[in-house]
Amino acid sequence: MGPMSANPYDALPIRLNVDDSDSPSDVVDALFLGRFAAGEQPYSYSSTIDRVKPSATLLPLSASVLRSARDDDRSATLAEGEGWTLLISRWSRGADVTVTAVSSELAEKVLKEATDGATDEPEPQPENVTMGFWYVSPRRGPHRTTRQISAGTWEEIRPNYTAPVADAMDRLMKVTPDDIAGRLLLLHGPPGTGKTSALRTLARSWRDWCQVDCVLDPERLFNDVGYLMDIAIGEDEGTAKGRWRLLLLEDCDELIRGEARHTAGQALSRLLNLTDGLLGQGRNVLVGVTTNEDLERLHPAVVRPGRCLARIEVGPLTRDEALSWLGDEADGREDVVGREGATLAELFALRRGTSPTSVPAQSSGVDAGLYL
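Details of the overall build of the protein chain
- The helix and strand tally for the protein chain stands at 14 helices and 14 strands.
- Counting over 372 residues, the protein chain shows a buried share of 45%.
- The long-range fraction of contacts in the protein chain, counting pairs at least 24 apart against all pairs at least 6 apart in sequence, stands at 68%.
- For the protein chain, the exposed surface amounts to about 19,600 Å²; the carbon and sulfur share of it is 50%.

Structure below.
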């Protein structure tokens with residue numbers, strides 16, 4: 001074997017193979033790597049913008065466009081300037097911007113010029129709360145995006161819950177960092193009882209001290225150590241300086257039911273370790289889980305004393321509570337609610353079935369879709 005070349009490009013030269021499965025955007029992505037791989041521009045900086053202003057081009061004033069491609073779901077632009085090359089990948093409202101340059105300082109400067117003032121920041125609304133959404137992207141791996149979510153106040157949605165649940169929620173909504181003992185928040189009960197609605201309102205009640213992130217693929221999270229570490233260990237903007245983070249995992253029946261040790265492998269132990277084991281030490285992380293499982297079927301390790309910050313069974317409203325919720329609509333129609341009461345989803349279905357001129361399909365100013 002001959003001596004190793006000092007130039008890594010000589011050892012690993014780029015070979016671009018294109019077939020009919022590649023799009024023009026894929027070719028633009030590949031062309032962008034040339035100067036970085038060859039060592040001509042060995043420094044790279046990148047940034048992701050979740051919401052780009054419609055008027056933002058993301059191109060520095062001195063940029064010269066070399067290639068531009070648009071596919072069904074994204075566009076790619078390759079541009080250059082003196083000593084630097086820039087790639088812009090745009091999708092929907094978001095964009096990835098990457099710069100390579102002859103120096104670290106130049107790469108950072110060009111990236112700042114391209115992205116400065118490009119983020120679209122709508123006027124904050126009192127009823128909105130910023131929620132993060134984690135998922136594994138085929139292109140970028142573990143990825144977090146944010147959205148403004150409309151959420152009612154607890155006073156507005158409190159009538160949607162049966163009395164014991166409302167009393168438990170009263171205490172939960174008032175929790176502060178000083179009150180935190182257990183790290184696991186467990187909401188369980190039949191579908192359509194308002195678990196997600198309660199979590200959105202909790203995010204609004206805690207927004208001064210806690211960032212709420214929803215994991216869209218929880219079954220993958222706890223079976224992928226890299227994904228778990230990215231979320232649990234990595235610092236995200238806005239979660240530093242002692243700020244807490246609540247990770248929401250919805251509909252996790254398979255993850256936490258009693259037989260999970262056989263069906264989910266290490267998923268359960270990783271969840272528990274994140275809340276109060278070594279992985280959770282020194283991390284201001286709470287985990288919120290919703291499930292339709294009965295309490296008796298939950299894994300005993302999940303519900304043991306000291307592990308849960310709150311464990312609330314969210315059930316249907318009683319018959320009297322359901323009739324009170326319907327208000328005037330129940331007059332003469334008491335038979336529509338059975339002796340066992342009704343879930344929030346059932347009550348909204350009853351309301352949607354009334355005359356369009358009677359009562360609008362929402363409760364206490366909160367969008368009807370929030371009960372799911």
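Some words on helix 2 (residues 24-32)
- Considered for burial, the residues of helix 2 that qualify are Ser25, Val28, Asp29 and Phe32. The arc that holds every buried residue of helix 2, seen down its axis, measures 100°, which confines them to one face.
- Looking at the buried positions of helix 2, the neighbouring elements they touch are helix 3 (34-38), strand 2 (64-70), strand 3 (75-81), strand 4 (84-91) and strand 5 (94-101).

Here we look at the packing of helix 13 (residues 319-326) against helix 14 (residues 344-352)
- Helix 14 packs onto helix 13 with a crossing angle of 40° between their chain directions and a minimal axis gap of 11 Å. Judged on the interaxial angle alone, helix 14 and helix 13 are oblique. Every pair of crossing elements has a handedness; the one defined by helix 13 and helix 14 is right-handed. Each of Ala322, Trp325 and Leu326 in helix 13 lies in contact with helix 14, whose residues at this interface are Leu344, Leu347, Phe348, Leu350 and Arg351.
- Looking at side-chain class alone, the contact of helix 13 with helix 14 contains seven nonpolar, no polar and one charged residues.

Re the packing of aromatic side chains
- All chains considered together, the criterion is met by three aromatic pairs.
- With 5.7 Å between their ring centres and 35° between their planes, Trp154 and Tyr161 make a pair best called tilted. Tyr161 matches Trp154 in its accessibility class, with the two residues each being buried.
- Plain terms: the ring middles of Trp325 and Phe348 are 5.2 Å apart, the flat faces sit at 85° to each other, and that makes the pair edge-to-face. Pair noted here: Trp325 is in helix 13 and Phe348 is in helix 14, with a separation of 23 residues, a long-range link.
- Given a relative accessible area of 3%, Phe348 falls into the buried group.

Cut-offs applied
Residues numbered from 1 in each chain as written. Predicted model: local features only at pLDDT ≥ 70, side-chain atom pairs only at ≥ 80, totals over all residues. Heavy atoms only, no water. Helix = DSSP H or I, 4+ residues; strand = E, 2+ residues; numbered from the N terminus. Buried < 20%, exposed > 50% of the residue type's maximum accessible area, 1.4 Å probe, protein only. Contact = heavy atoms within 4.5 Å. Areas by Shrake-Rupley, 256 points an atom, 1.4 Å probe, with all protein chains shown as cover. Arc of directions from axis to C-beta. Axes fitted to C-alpha atoms, helices over the stretch in contact; angles between N-to-C directions. Parallel < 35°, antiparallel > 145°, perpendicular 65-115°, else oblique. Left-handed = near helix turned anticlockwise from the far one by under 90°. Nonpolar A, V, L, I, M, F, W, Y, C, P; charged D, E, K, R; others polar. Phe/Tyr/Trp six-rings, centres within 6.5 Å; stacked < 30°, edge-to-face > 60°.

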